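Residue-level structure breakdown
Read off the chains here:
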Amino acid sequence: MEIQEAKQMVCEAGKRLLAEGLAAGTWGNISLRVDPETMVITPSGRDYEDLKPEEMVEVNILTHEIKGNIKPSNELGMHSAIYRDRKEINAVIHTHQQCASTVAATRREVPPVLDDMAQLIGPTVRVADYARSSSKKIIRGTLKALKGRLAALLANHGAVCIGRDLDEAFVVSQVLEKACRTFIEAEFLGGAKSINKVEAYLMHQYYLNKYSKQKKGNR
Ligand SMILES: [Zn+2]
């Protein structure tokens, strides 16, 4: 994939995130892996509304060396750590989406309350322990919470959604929001009843295998 194409895709994803109500102002960041050593990430402290592709930042995943003079997102360390840890992952979206943030404030693991959540994200959504944003501790906690999953909550902060391509990470973010809203509302209605965890695990494995042939590399 070309860097220019990646910048265009990340920029469009930022605007889509805003349009779908999954980001508020500058609160979130998106990256895309271009090759084993390179990612493109949204800049620091810019409104998504009028983002331009040329403002996206090319960063080395291993050294954090930056190309150009635009400051990348403060949370780039989390993005690069995910790419180093998960070879199959090519897109990372970090959001402060509302319902996921509400559940993250309770620090409760999301049980498999919906079948699309179980299929796409995994049998549960874990919560990474609270730590200062972009600290080593939060990065470690996030990698642990993401094991075998395509999303994790960050205690009292927000969510991280990942995918084999940008479209997948985006759908993860949408399905996570729906699952968290359902969980919150079901608890109000007398308590959420979950899908059996083994069944939920198998559903996720089936999804990963079924779509793995179609999702080789970035689109
Ligand atoms: Zn954040």
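Before any of the text, the structure's been laid out above.
Residues numbered from 1 in each chain as written. Predicted model: local features only at pLDDT ≥ 70, side-chain atom pairs only at ≥ 80, totals over all residues. Heavy atoms only, no water.

1. A short note on the packing of helix 2 (residues 76-85) against helix 5 (residues 136-146)
- Their axes nearest at 10 Å, the elements helix 2 and helix 5 cross at an angle of 40 degrees. Here helix 2 lies oblique to helix 5, going by the angle between them. Crossing of helix 2 over helix 5 shows right-handed handedness. Taken together, the residues of helix 5 that come into contact with helix 2 (itself represented by Gly-77, Met-78, Ala-81, Ile-82 and Asp-85) are Ile-138, Ile-139, Thr-142, Leu-143 and Leu-146.
- Here the residues of the contact of helix 2 with helix 5 sort into 7 nonpolar, 2 polar and 1 charged. (Axes fitted to C-alpha atoms, helices over the stretch in contact; angles between N-to-C directions. Helix = DSSP H or I, 4+ residues; strand = E, 2+ residues; numbered from the N terminus. Parallel < 35°, antiparallel > 145°, perpendicular 65-115°, else oblique. Left-handed = near helix turned anticlockwise from the far one by under 90°. Contact = heavy atoms within 4.5 Å. Nonpolar A, V, L, I, M, F, W, Y, C, P; charged D, E, K, R; others polar.)

2. Section: the nonpolar core
- Formed by 67 residues in total, the largest nonpolar core has its most connected members in Ile-82, Met-117, Ile-121, Leu-153 and Leu-176.
- Considering each element in turn, this core owes the most residues, 9 residues, to helix 6 (residues 166-188).
- The residues touching Leu-153, leaving out its near neighbours within four places in the chain, are Ala-100, Val-103, Ala-104, Arg-108, Val-110, Val-125, Arg-126, Val-127, Ala-128, Gly-158, Ala-159 and Leu-176. (Core = buried A, V, L, I, M, F, W, Y, C linked by side-chain atoms within 4.5 Å. Buried < 20%, exposed > 50% of the residue type's maximum accessible area, 1.4 Å probe, protein only.)

3. Observations concerning a nonpolar patch on the surface
- On the surface, a nonpolar cluster with roughly 310 Å² of combined accessible area is contributed by Val-198, Tyr-201 and Leu-202.
- The residue Leu-202 is located in helix 7 (residues 197-212) in this model. (Patch = residues over 30% accessible without salt bridge, like charges linked within 9 Å, V, L, I, M, F, W, Y side chains within 5 Å. Areas by Shrake-Rupley, 256 points an atom, 1.4 Å probe, with all protein chains shown as cover. Salt bridge = Lys/Arg side-chain N within 4 Å of Asp/Glu carboxyl O.)

4. Observations concerning helix 1 (residues 3-19)
- With 17 residues, helix 1 extends 24 Å from end C-alpha to end C-alpha; this agrees with the ideal 24 Å at 1.5 Å per step.
- Those residues of helix 1 that sit buried are Ala-6, Lys-7, Val-10, Cys-11, Ala-13, Gly-14 and Leu-17. Seen from one end, helix 1 has its buried residues packed into an arc of 155 degrees, which puts them on one side. Exposed residues on helix 1 whose side chains face more than 90 degrees from its buried face are Gln-4 and Ala-19.
- In the core, the buried residues of helix 1 are packed alongside strand 1 (28-35), strand 2 (38-41), strand 5 (91-95) and helix 6.
- Looking one or two residues beyond helix 1, the residue adopting positive phi is Gly-21, at roughly 75 degrees. (Expected span 1.5 Å × (residues − 1). Arc of directions from axis to C-beta.)

5. Quick word on the pattern of salt bridges
- Applying the stated criterion across every chain yields a total of 9 salt bridges.
- With a shortest N-O distance of 3.3 Å, Asp-50 and Arg-46 are connected by a salt bridge.
- Residue Arg-46 is classed as partly exposed on the basis of its relative accessible area of 23%.
- Overlapping salt bridges bring together Arg-46, Asp-50 and Glu-55 as one network.

6. Quick word on unusual backbone geometry
- Of note in the backbone geometry, Arg-107 takes a positive phi value of approximately 55 degrees without being a glycine.
- As for its position among the elements, Arg-107 is in the loop between helix 3 (98-106) and helix 4 (115-120).

7. Here we look at the side chain of Thr-38
- Examined against the element boundaries, Thr-38 turns out to sit in strand 2.
- Residue classification places Thr-38 among the buried positions, given a relative accessible area of 12%.
- When near neighbours in sequence (up to four residues on either side) are disregarded, Thr-38 contacts Ile-3, Leu-32, Arg-33, Glu-58, Val-59 and Ile-61.

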